[in-house]
Amino acid sequence: MTIREKILEDIKTAMKEKDNFKRDTLRLINSAIKQVEVDERAQMSDEKVLAILQTQIKRRIDSVEQYKKGGRDDLAQNEENEIKIICEYMPKQLSEDELRAEIEAIISELGSGANIGTVMKIAKEKIGARSDGKSISDCAKKLLS
């Protein structure tokens, strides 16, 4: 079962259980996937769906920060709950130590030619959706400096 099929099944389940919040969140995610599918005129692979989910999580994290700055803790809580639902479809995230080990291996493979650009490119390919770009970048910068 693909991630998209799982999302569609979970929408049906949420409707049966009358879990409106989860249903609405999953519908938003499904519409974001459909939008990319229409724009690119392509079938959505799991890798593309994971990239969309990462983007949706990042948007919600930014929203949480903005809502907290504006004193709207109720809206920030809603966004955090949506993040939890979306994270159910993401692969297990790497811990800091695991991420560090992956990036150290990439840097050692590259040898003296290692710079932030090449490390980031290879890391994104190897690590994929198991870590977000900001964490990869921060770790790579620490190791390269």
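Refer to the structure presented above.
Read on for an overview of the structure. Quick caveat: nothing in here was measured; it's all calculated off a predicted structure.

Take the nonpolar core next. If you look at the biggest cluster of nonpolar residues, it comprises 21 residues, and the most contacted ones within it are Ile-3, Ile-7, Ile-33 and Leu-53. Only helix H1 (3-16), helix H2 (20-40), helix H3 (46-69) and helix H4 (73-87) provide two or more residues apiece to this core. Ranked by residues supplied to this core, first place goes to H3 with six residues. Setting aside chain neighbours within four positions, we find Leu-53 in contact with Ile-3, Ile-29, Ile-86, Tyr-89 and Met-90.

Despite not being glycine, Lys-18 has its phi angle at roughly 60 degrees, a positive value. Turning to its location among the elements, Lys-18 is positioned in the loop between H1 and H2. The phi dihedral of Arg-41 is positive, around 50 degrees, even though this residue is not glycine. Mapped onto the elements, Arg-41 comes out in the loop between H2 and H3.

Interhelical geometry of helix H6 (residues 116-127) versus helix H7 (residues 133-144) gives an angle of 135 degrees and a closest axis separation of 10 Å. Put simply, H6 runs oblique to H7. In terms of crossing hand, the pair formed by H6 and H7 is right-handed. For the pair H6 and H7, contact is made by Ile-116, Val-119, Met-120, Ala-123, Lys-124 and Ile-127 and by Gly-133, Ile-136, Ser-137, Ala-140, Lys-141 and Leu-144, respectively. Of the residues in the contact of H6 with H7, the class split is eight nonpolar, two polar and two charged.

The next thing to look at is the environment of Ile-86. Inspection of the secondary structure assignment puts Ile-86 in helix H4. Remark: the alpha-carbon pair of Ile-86 and Gly-70, spanning 16 residues in sequence, is separated by 24 Å. Ignoring sequence-local partners within four residues, the contact set of Ile-86 consists of Thr-25, Ile-29, Leu-53, Gln-56, Ile-57 and Arg-60.

Turning our eyes to something else, we now look at the packing of H1 against H2. Put simply, H1 and H2 touch, their axes get as near as 9 Å, and they point 150 degrees apart. By the angle between their directions, the pair H1 and H2 is classed as roughly antiparallel. Both H1 and H2 take part in a crossing whose hand is left-handed. Between H1 and H2, the contacting residues are Arg-4, Ile-7, Leu-8, Asp-10, Ile-11, Ala-14 and Met-15 on the first element and Lys-22, Arg-23, Leu-26, Arg-27, Ile-29, Asn-30, Ile-33, Lys-34 and Glu-37 on the second.

Reading the values: rules and limits
Residues numbered from 1 in each chain as written. Predicted model: local features only at pLDDT ≥ 70, side-chain atom pairs only at ≥ 80, totals over all residues. Heavy atoms only, no water. Core = buried A, V, L, I, M, F, W, Y, C linked by side-chain atoms within 4.5 Å. Buried < 20%, exposed > 50% of the residue type's maximum accessible area, 1.4 Å probe, protein only. Helix = DSSP H or I, 4+ residues; strand = E, 2+ residues; numbered from the N terminus. Contact = heavy atoms within 4.5 Å. Axes fitted to C-alpha atoms, helices over the stretch in contact; angles between N-to-C directions. Parallel < 35°, antiparallel > 145°, perpendicular 65-115°, else oblique. Left-handed = near helix turned anticlockwise from the far one by under 90°. Nonpolar A, V, L, I, M, F, W, Y, C, P; charged D, E, K, R; others polar.

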